[in-house]
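Residues per chain, in single letters:
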Amino acid sequence: MQQKIPFYLLVILLICLGMGSAVYRHINLEIPWLPGETREVWSVEARVEFTALDEPVIAQMAIPETQQGFTLLEQSTASPGFGLSYLTEEDIPAVRWSTQEAVGKQVLYYRAQFLLDEQQQRPWPDAPDVLAAPILSETTALVAERLIEQARQQAADQITMAAQLLNLLQSDDQQVQLLLQERSVEEAAMLLMQLAAIPARQVTALRLKNSRRNQDSRAYLMVYDTVHEVETESQRVAFFNLATGKEGRPQRLLIWELGDRPLIDLEGGRNTRISFSMQRDVAPVQQALEQKYSDVSAMQISLHSLPLEEQKLFRGLLLIPVGVMMVMLMRVLVGLRTSGTFMPVLIALALMQTALGAGLAGFVLLVVSGLMVRSYLSRLNLLLVARISAVIIIVILLTATFSVIAYNLRIVEGLNIIFFPMIIIAWTIERMSLLWEEEGGGEVMKQGGGSLLVALLAYLVMSNQYVQHLTFNFPGLQLVLLAMVLLLGSYTGYRLVELFRFSALHGRNKGASE
């Protein structure tokens, strides 16, 4: 028993490593356990239109970045005749177009793709400093003070006080109307926040709706609670729609600019207008995650970093251990005999390239035809190498002949017979032929039938989309398969067919004892 302890520790270690790797990829890289999941990807386009004044032009526009709920996938511009630079190292990311000379109407485009990402929890920028209130007239200062005092009585913290102030701004109260006579709602809201010493900033946002064009941005107020200790980011920051005074951030509200600055700064032009278009697409989760983690080292060392052709190759290779496991189960636990240890796995791989019925028919046809030719070769007393070489050539000729016949008979599935491993089939024919000569046709039928049965089971498992998804996206599970193979390799009990084989003897012994 003591000799087995290191063995079982190794098995447990392999299982823990494999499962741990899979759980890590699921939690940290968001790879789903099941296939078929999709994600929303939003394409947003800003159209900047202005009239150039026949002089050097510099247009700098704030651009969005990854934020809570959204992950920036890619961005691009269309601006013929203009130089372009991204100011991503600034506090407020921006794109800058410039040209030495332009005249008349000019149109610039900026496009970005965002993944709707509930897992994205990038923290918001720190709260801005509260600026000193401007000098106000006596009447305005008195009205503002009364509004702040009224809101303070109904508020518990800075965010609820901001909510009360914005609600008051939406009312028809005479004091509010007096405050709004000389300023907009946005300016009045920021003024009240400054007088009440509430950290806040005005942000520009877009409400994403599918297939919308010529949409305008919306002004929101971002309010911070810097007094109370809170547990989550959502308790520290609140958004208010300045047009309605309502609190909350809808799920598809993209914050375009966080700097409390104009959306665009233009030199050398006038009559600036910015409009937005947006389009929702649904992308497979794998594609979306590959774009999201394109710069993350954990994803770069995975199979997803390989070219697509190599990825397709590994999708097939990683299924082989699954087929091997099926062979072990059927041979070790059930007791089925196969022609060649892992020949069924190769047949299953070939069946995955062909239709199941056409593949089985083609395999049987090749083997039977090959056995007939091999029976003639056995009479020639050839050397082993020469005999195998002859069988390989015959198998290739038979494959080409059957493909041509199938093509002329318009049986398209018959062309897939070329996916069968020729060398392995040649060896199978040779082995079956020897078995026929030594133990008779019955044993050939048993091993041939066992091979086809195991190949069929392996094919059913390997072609399952859930198995394919797990083996490729969670390669650590191969360690779990390895642990199971080691456990099966140490099995010394009865096989299932042996229980049936000795059941009659068991019944006879039981009757004798009675």
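Residues numbered from 1 in each chain as written. Predicted model: local features only at pLDDT ≥ 70, side-chain atom pairs only at ≥ 80, totals over all residues. Heavy atoms only, no water.

(A) Up close: the confidence of the model for the chain. Of the residues in the chain, 91% reach a pLDDT of 70 or more, and the chain-wide mean stands at 83. When pLDDT is averaged over each helix and strand of the chain, the minimum, 53, is found for helix α8 (residues 297–300) and the maximum, 92, for helix α17 (residues 477–489). (pLDDT = per-residue confidence, 0-100. Helix = DSSP H or I, 4+ residues; strand = E, 2+ residues; numbered from the N terminus.)

(B) Structural view of the sheet that holds strand β9 (residues 253–257). Strands sit in the order β8-β7-β5-β9 across an open sheet of four strands; the sheet is antiparallel. The strands lining the two open edges of the sheet, one partner per strand, are β8 (237–241) and β9. Here the strands of the sheet are splayed against their neighbours by 45 degrees on average, with no regard to which way each runs. Examined bridge by bridge, strand β7 (residues 218–224) and β8 share five bridges and lie antiparallel to one another. Each residue of the ladder has a partner; that of Tyr224, found in β8, is Val237. Sitting on the sheet, helix α5 (residues 185–195) touches β5 (200–207) and β7, and the angle it makes with β5 is about 145 degrees. (Pairing = 2+ DSSP bridges. Axes fitted to C-alpha atoms, helices over the stretch in contact; angles between N-to-C directions. Contact = heavy atoms within 4.5 Å.)

(C) Helix α15 (residues 441–462), seen in detail. With 22 residues, α15 ought to run about 32 Å at 1.5 Å a step, and its terminal C-alpha atoms sit 31 Å apart, in line with that. Residues of α15 that are buried include every one of Glu443, Val444, Gln447, Gly448, Gly450, Ser451, Val454, Ala455, Ala458, Tyr459 and Met462, and no others. One side of α15 holds all its buried residues, which, seen down the axis, span an arc of 165 degrees. Along α15, exposed side chains directed more than 90 degrees from the buried face belong to Met445 and Lys446. Where α15 is buried, its residues contact α10 (320–334), α11 (343–353), α12 (356–377), α14 (422–439) and α16 (465–473). (Expected span 1.5 Å × (residues − 1). Buried < 20%, exposed > 50% of the residue type's maximum accessible area, 1.4 Å probe, protein only. Arc of directions from axis to C-beta.)

(D) Focus on the packing of aromatic side chains. The final tally for this structure, using the stated rule, is six aromatic pairs. Aromatic side chains Phe7 and Tyr8 sit 5.4 Å apart centroid to centroid with 65 degrees between the ring planes, which places their arrangement in the edge-to-face category. When the ring of Trp256 is compared with that of Phe276, the centres are 4.9 Å apart and the planes differ by 65 degrees; the resulting orientation is edge-to-face. With a gap of 20 residues between them, Trp256 in strand β9 and Phe276 in strand β11 (residues 269–284) connect regions that are remote in the sequence. Each of the two residues, Trp256 as well as Phe276, counts as buried. The structure contains a cluster of three or more aromatic residues connected by ring pairs, namely Tyr110, Trp256 and Phe276. It is Arg315 that lies over the ring of Phe472; its NZ or CZ is 3.9 Å from the centre. (Phe/Tyr/Trp six-rings, centres within 6.5 Å; stacked < 30°, edge-to-face > 60°. Lys NZ or Arg CZ within 6 Å of the ring centre and 35° of its normal.)

(E) Highlighting the layout of surface pockets. Taken as a whole, the largest pocket encloses approximately 620 Å³ of empty space. Lining the largest pocket are 26 residues, with Lys312, Arg315, Gly316, Leu319 and Met352 positioned closest to its centre. Secondary structure elements with two or more residues in the lining of the largest pocket: α7 (285–292), α9 (308–317), α11 and α16. When residues in the lining of the largest pocket are grouped by element, the largest group, six residues, is from α9. Taken together, the residues that form the lining of the largest pocket break down as 13 nonpolar, eight polar and five charged. There is about 520 Å³ of room inside the second largest pocket. Around the second largest pocket sit 32 residues that line it, and Pro128, Arg201, Leu258, Gly259 and Asp260 are the ones nearest its centre. (1 Å grid on protein atoms, 1.4 Å probe; cavity = no way out; pocket = protein on both sides within 12 Å on 5 of 7 lines; lining within 4 Å. Points joined across faces, edges and corners; volume = space filled by probe spheres on them. Nonpolar A, V, L, I, M, F, W, Y, C, P; charged D, E, K, R; others polar.)

(F) Focus on α5. Here α5 has its buried residues at Ala188, Ala189, Met190, Leu191, Leu192 and Met193. After α5 finishes, the residue Ala197 shows a positive phi value of roughly 60 degrees.

(G) Highlighting the nonpolar core. Within the largest apolar cluster, 38 residues are counted, with the highest numbers of intra-cluster contacts made by Phe363, Val395 and Ile425. Breaking this core down by element, the ones donating at least two residues are α10, α11, α12, α13 (384–408), α14, α15 and α17. Per-element accounting of this core gives the leading share, eight residues, to α13. Each residue touching Ile425, except ones within four places of it in the same chain, is listed here: Met343, Phe363, Leu366, Val395 and Phe420. With 32 residues, the next largest nonpolar core counts Val48, Ala62, Phe70 and Tyr110 among its residues. (Core = buried A, V, L, I, M, F, W, Y, C linked by side-chain atoms within 4.5 Å.)

(H) Fine view of the packing of α14 against α15. Across the interface, α14 lies against α15 with an axial gap of 7 Å and an inter-helix angle of 140 degrees. In terms of orientation, α14 and α15 fall into the oblique class. Of the residues in α15, those touching α14 at Met432, Leu435, Trp436 and Glu439 are Gly441, Glu443, Val444, Gln447 and Gly448. Classifying every residue of the contact of α14 with α15 gives four nonpolar, three polar and two charged. (Parallel < 35°, antiparallel > 145°, perpendicular 65-115°, else oblique.)

(I) A positive patch on the surface, seen in detail. Among the surface-exposed residues, Arg207, Lys209, Arg212 and Arg218 lie close enough to one another that they form a single positively charged patch. Note on placement: Arg212 falls in strand β6 (residues 212–215). You can call Arg212 partly exposed: its relative accessible area is 35%. (Patch = residues over 30% accessible without salt bridge, like charges linked within 9 Å, V, L, I, M, F, W, Y side chains within 5 Å. Areas by Shrake-Rupley, 256 points an atom, 1.4 Å probe, with all protein chains shown as cover. Salt bridge = Lys/Arg side-chain N within 4 Å of Asp/Glu carboxyl O. Lys, Arg positive; Asp, Glu negative; His and termini not counted. Charge placed at Lys NZ, Arg CZ, Asp CG, Glu CD.)

(J) Region of the structure containing the environment of Asn214. If you trace the backbone, Asn214 turns up in strand β6. Here the alpha-carbon distance between Asn214 and Met278, two residues 64 residues apart in the chain, equals 9.1 Å. Discounting chain neighbours no more than four positions away, the residues touching Asn214 are Ser275, Phe276 and Ser277.

(K) Region of interest: the side chain of Glu430. Looking at the secondary structure, you find Glu430 in helix α14. With sequence-adjacent residues up to four places away left out, Glu430 is seen in contact with Arg374, Leu384, Arg387, Ile388 and Val391.

(L) Summary view of a nonpolar patch on the surface. On the surface, Leu333, Tyr491, Tyr494, Leu496, Leu499, Phe500, Phe502 and Leu505 cluster together into a nonpolar patch covering about 790 Å² of accessible area. Counting residues per element, the nonpolar patch draws most heavily on helix α18 (residues 496–501), at three residues. Structurally, the position occupied by Tyr494 is in the loop between α17 and α18.

(M) Up close: the pattern of salt bridges. According to the stated counting rule, one finds 11 salt bridges in the structure shown. A salt bridge links Arg111 to Glu45, with the shortest nitrogen-to-oxygen separation between them at 2.6 Å. On the criterion of sequence distance, the pair formed by Arg111 in strand β4 (residues 94–117) and Glu45 in strand β1 (residues 38–62) is long-range, its members being 66 residues apart. For Arg111, a relative accessible area of 35% gives the class partly exposed. Here Glu443 makes a salt bridge to Arg337, at a shortest N to O gap of 2.9 Å. You can see Glu443 sitting in helix α15 and its partner Arg337 sitting in the loop between α10 and α11, a full 106 residues away along the chain.

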